[in-house]
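# Close look at the chain arrangement
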Amino acid sequence: MQRRVERDQRAKRLNRVLVCAAAVPVMLVAAGCSSDSGSGDSTDKAAKAAGSASASPSPTVQAAAYDKLPEPCKAVSKKTLKDLVPKSKSGKEGKSDDISTRGSCSWDSLDNNGVKGSQFRWLNVSMLRFESDAARGPADKLAQEYYEKQVQEAQAAEGAKGVKSEPVAGTGDQATAVHYDLKKKEGTFKQQTIVARVENVVVTLDYNGAGLAGDKTPDEGDLLKDAKKAVKEAVDAVSTANGKGGGSADGAPSESSKPSKSPSKSPSEGASDGSSKGASASPSEKPASKS
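Residues numbered from 1 in each chain as written. Predicted model: local features only at pLDDT ≥ 70, side-chain atom pairs only at ≥ 80, totals over all residues. Heavy atoms only, no water.

## Quick look at the nonpolar core
Residues L123, V203 and L205 are the most contacted members of the largest nonpolar core, which totals 32 residues. Elements with a minimum of two residues in this core: helix 2 (78-84), strand 2 (102-112), strand 3 (118-129), strand 5 (174-184), strand 6 (187-198), strand 7 (201-212) and helix 4 (220-241). In contact with V203, other than residues within four places in its own chain, are V125, S126, M127, I194, V195, A196, V231, A234, V235 and V238. Core analysis: the second largest hydrophobic core is formed by 21 residues, A64, Y146, Y180 and L182 among them. (Core = buried A, V, L, I, M, F, W, Y, C linked by side-chain atoms within 4.5 Å. Buried < 20%, exposed > 50% of the residue type's maximum accessible area, 1.4 Å probe, protein only. Helix = DSSP H or I, 4+ residues; strand = E, 2+ residues; numbered from the N terminus. Contact = heavy atoms within 4.5 Å.)

Here it is, written out as structure tokens:
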């Protein structure tokens, strides 16, 4: 009897061991499934976050209003050129690596009156067009910043005497005239620099004159009046080239002055800062035009 009881007890203990051993794999499997489920949730969340980030729109800026420039040597009418630089036969176009973003042209005139002396005139027109850029900002804002910089540089010209500045009405979106005297060995040069902005284009016009070899110094008021007329034509030429109003360089109404039926194209590349700077010239040292 006692042996039977002992055998029954041993059998019960064995059964309990087997039951526990069988339970261990089940627990491991359950734990494994629970772990896999958590990992999957994290992966899904990360994928959703990445997808959301990639779907976010990139910063955009308003497209530039103007996408081209006129031919610089045709930006001022022949009639006006005859008044400002009467002895000039043709303009000298400045070099440019991209004529759609920058251009310049200069003219010089020497009216020799023999023993009475001579009258010298020099005219330069430069244009710089800006593109909108997501990092730097809209084109018209970039143009305005450059416009202000050009005005400041004109006001701080080396050797300038009696610097005066004044706004110029009816020329582009904004325009400023800076005029002063420059003393040189040939005589006193009357310098007129007018900086104008129309949309995303900045036009800088330099015009100076001097009476040489004893001839009288030209009247500053007359030179400024002529310079204002010329810069207005150049600004109008920019608008006309883009089909947005203005007249032709020769003063006649242009067909393109009518409202454009389609908006101008949005260019893809930006213009870098830089254009020809205003400077007085003399027959012996004519400044090279920079574009």
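Structure's up, so let's keep going.
## So, the confidence of the model for the chain
Taken over all residues, the pLDDT of the chain has a mean of 78, while the share at 70 or more is 64%. Looking over the chain, one finds the lowest element-wise mean pLDDT in helix 1 (residues 2-55), namely 52, and the highest in helix 3 (residues 139-155), namely 98. A low-confidence stretch, residues 284-291 (pLDDT under 50), is modelled with 21 contacts involving residues beyond four sequence positions or located in other chains. (pLDDT = per-residue confidence, 0-100.)

## Some thoughts on helix 4
The end-to-end C-alpha distance of helix 4, which contains 22 residues, comes to 32 Å, matching closely the 32 Å that a straight helix rising 1.5 Å per residue would cover. For helix 4, the N-terminal capping position is held by D219, with its side-chain oxygen 3.1 Å away from the main-chain nitrogen of G221. Positive phi shows up at G243, right after helix 4, with a value of about 65°. (Expected span 1.5 Å × (residues − 1). Polar contact = N/O pair within 3.5 Å; in protein donor to acceptor, adjacent residues only side chain to side chain.)

## Observations regarding the state of the cysteines
Inspection of the entire model under this criterion finds one disulfide. Bridging C73 to C105, the disulfide has an S-S length of 2.0 Å. Between C73 and C105 the disulfide shows an S-S torsion of about 95°. By sign, it is right-handed. With C73 in the loop between helix 1 and helix 2 and C105 in strand 2, the pair connects residues that are 32 residues apart, well separated along the chain. The exposure class of C73 is partly exposed, given its relative accessible area of 23%. (Disulfide = S-S within 2.5 Å.)

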